[in-house]
Structures are given as structure tokens and as C-alpha cells.
Amino acid sequence: MTADVTKPEAAAPAMPRGFGRRLRDSDMWWSFTASPTAIAAALVLGVLVLTALFAPLIAVQNPYDAAQLDMWKAELPPVWQEGGEWPYLLGTDTQGRDMLSAILYGTRISIIIGVASVALSLLIGMSAGLVSGFFGGIVDNVLMRLGDITLSIPTILIAILVSTVVRQMLPADLREIGASAVLILAIALSAWVQYARTVRAQTIVERGKEYVQAARLLKVPARRIMARHILPNTLTPILVAATLNFGMAILTEATLSFLGIGMPPGQPSLGTLIRIGNQYLFSGSWWIVLFPVIQLCLLVVTVNLLGDWLRDVLNPKLR
């Protein structure tokens with residue numbers, strides 16, 4: 001008789017770990033949990049973003065709706081001071097607008113403009129850097145000299161120039177409606193050079209490697225080589241730069257609005273609220289300017305702290 005030989009069962013393949021498990025096991029998560037500054041900044045930023053996104057559910061009024069404003073309630077102090085009234089927790093401005101509601105809505109506008117302008121400048125900068133570094137020659141010279149010209153002019157002046165020119169090109173009835181789009185374009189055109197130079201430097205390094213040369217020999221289209229092979233290797237420094245520039249974009253928007261060429265008074269951002277409150281700073285209504293300034297500072301500082309932490313984590317020289 002022949003003995004039955006039982007084959008050993010093949011080991012079951014290991015189940016792939018989920019994204020959450022991989023994140024918890026990563027060096028980045030360990031570095032984050034070991035940094036009290038990063039945790040505090042993330043918590044504060046999370047509160048600011050969530051309260052801004054859910055402003056219609058939290059705010060006691062819509063500050064953009066003139067029908068909800070009460071001139072009889074103008075310039076009320078914060079609720080903890082004499083003369084303050086509930087539910088105007090942080091007081092009201094000269095139009096009877098609840099300051100807390102205006103700050104929440106203004107923060108939402110500032111965040112949206114900051115994110116959109118960084119995304120647009122990323123798109124412009126990465127495209128220019130990839131094309132410049134990959135093809136070189138006259139294309140490289142033209143794009144980099146254009147970048148040099150942009151860097152020779154202060155960022156705020158470029159933003160003011162672009163914002164003013166585009167506003168004059170728009171019909172009068174569309175200038176207020178398209179104010180946010182104009183700001184996004186102005187900030188993006190003043191901030192694309194840093195991304196372009198970073199991507200260009202990395203592209204020059206990657207285009208000489210064997211896998212790129214092999215793709216060229218196989219007649220892979222240049223746009224596919226740039227998008228599928230070179231671009232992923234440039235994302236780490238670009239991510240750090242975008243995080244740090246997000247805070248700068250918010251500051252630029254606030255500066256333009258403070259100068260009167262940003263968001264209109266009917267759709268105030270944090271910069272617009274600061275400009276309005278600055279006119280009444282010495283009349284005793286200090287809360288109209290102080291609380292928007294505090295909100296802007298918290299927003300920019302927390303973003304910069306997270307950007308610094310991310311730069312340290314992703315920089316292999318600092319490990």
C-alpha cells in the first residue's frame with residue numbers, strides 16, 4: 001500500500017495593513033506624537049478650521065446678510081464687559097455685526113483663498129519646473145529668467161499689481177463678485193517661482209538616471225515620464241514648501257484686504273475686518289480690531305509650526 005502523502009498547506013498571505021495602521025507605525029506619526037508643539041498646533045488649527053467650515057451652524061447671524069444686521073446693536077462691547085449683551089460674545093462692530101460670526105466667516109474665506117492660491121501656484125510652479133528641468137535649453141532659460149524677474153519684485157507688489165490690473169479688466173458689476181478669484185490669481189502668480197525652482201532642480205537630477213533613460217529608449221511620451229516617474233520624486237520638498245507658503249498666502253490676502261484691494265466690506269475676510277476695526281481703534285472700540293488680529297495670528301502661527309515640524313521630519317539630513 002502506498003501511504004497518502006499530505007501536502008502541507010500553504011501559508012495564508014498576510015493581509016495588507018490599512019492606511020491607519022501604516023500611519024500609526026510610521027516614523028512621521030512617532031515624530032508627531034513626540035512633539036508637544038506639533039500636537040498643540042494641530043489641535044488649535046483643527047479647531048480653527050472646523051469652526052470656520054461649520055460657521056453657518058455656530059454663528060448667531062450671517063454677517064454677509066444685511067437684513068440680519070441691527071444698527072441698534074452697533075459697537076456693543078464683549079459680553080463680559082459692562083454694556084455687553086448675549087449672544088454677542090465678542091461684541092459687535094459699527095454695523096451691528098456680531099464679531100464672533102464675522103471672524104468665523106472671515107476665517108473661512110481666508111482659508112479658502114489660502115488653499116486655492118497655494119494649489120494654483122503649485123500647479124503653475126510644478127508644471128514650469130518639470131518642463132524647464134526636463135527639456136532644458138531655451139525653454140529652461142526663458143522660464144527661469146521669468147522666475148528671476150518675479151523674484152526681483154516684492155511679493156506684495158506683484159499681488160497688488162495683478163489684483164489692480166485684473167479688477168480694472170472686469171466689468172464694474174463683477175468686481176465684488178470675483179474678488180476672491182482675483183485674490184487667488186494674484187497670490188498664485190507671486191508665489192510659483194519657489195515651486196518651479198525646487199521641481200526643476202530635482203528634475204535635472206532625475207532625468208539623468210537609468211530609469212528615465214530607459215523610458216526614453218522605449219519611446220515613452222515625455223509628459224508621461226514627467227508625470228509618472230519624475231514628479232513623484234519631487235513631492236516631499238514641495239509638500240513642505242506648500243505648507244509653509246499656506247501661512248504666507250493667508251498673510252498676503254490679509255495684507256491686500258487691509259489695503260482695500262482685497263475682499264470687499266460686504267464679504268469681509270480677516271484682513272478686511274482688521275482694516276475696518278483699525279479705523280475705530282482709538283475711539284474705544286478695541287474689540288473690533290483685536291479679536292480678528294488674534295484669530296489671524298493663531299491661524300498663521302499654527303500653520304507655520306506644523307510646516308516647520310513637517311520640514312524637520314521629511315528632511316533626511318536632520319534625522
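Just above sits the structure.
Cut-offs and rules
Residues numbered from 1 in each chain as written. Predicted model: local features only at pLDDT ≥ 70, side-chain atom pairs only at ≥ 80, totals over all residues. Heavy atoms only, no water. Helix = DSSP H or I, 4+ residues; strand = E, 2+ residues; numbered from the N terminus. Buried < 20%, exposed > 50% of the residue type's maximum accessible area, 1.4 Å probe, protein only. Contact = heavy atoms within 4.5 Å. Polar contact = N/O pair within 3.5 Å; in protein donor to acceptor, adjacent residues only side chain to side chain. Phe/Tyr/Trp six-rings, centres within 6.5 Å; stacked < 30°, edge-to-face > 60°. Lys NZ or Arg CZ within 6 Å of the ring centre and 35° of its normal.

Caption draft 1: Just the environment of Glu253, in detail. You can see Glu253 is positioned in helix 12 (residues 235–258). Residue class for Glu253 comes out buried when judged on its relative accessible area of 0%. Here the alpha-carbon distance between Glu253 and Ile109, two residues 144 residues apart in the chain, equals 9.8 Å. Those residues in contact with Glu253 that lie beyond four places of it in its chain are Ser110, Ile113, Leu183, Ile187, Met263 and Ser269. A polar contact of 2.8 Å, which involves the side chain of Glu253, links it to the side chain of Ser257.

Caption draft 2: Local environment of the packing of aromatic side chains. The full count for this structure, using the stated rule, is 5 aromatic pairs. Aromatic pair Tyr64 and Tyr105: ring centres 5.3 Å apart, planes at 70 degrees, arrangement edge-to-face. Of this pair, Tyr64 sits in the loop between helix 4 (55–58) and helix 5 (99–135) while Tyr105 sits in helix 5, placing them 41 residues apart in sequence. With a relative accessible area of 26%, Tyr64 lands in the partly exposed category. Relative to Trp287, the ring of Trp286 lies with its centre 5.7 Å away and its plane at 85 degrees, an arrangement referred to as edge-to-face. For Trp286, a relative accessible area of 29% corresponds to the partly exposed category. On the basis of relative accessible area, Trp287 is assigned to the buried category, the value being 6%. Ring-pair connections join several aromatic residues into one group, and the members of that group are Trp80, Trp286, Trp287 and Phe291. Between Arg216 and the ring centre of Phe134, over which it is positioned, the NZ or CZ distance is 4.5 Å.

No statement about biological role is implied by the geometric values presented.
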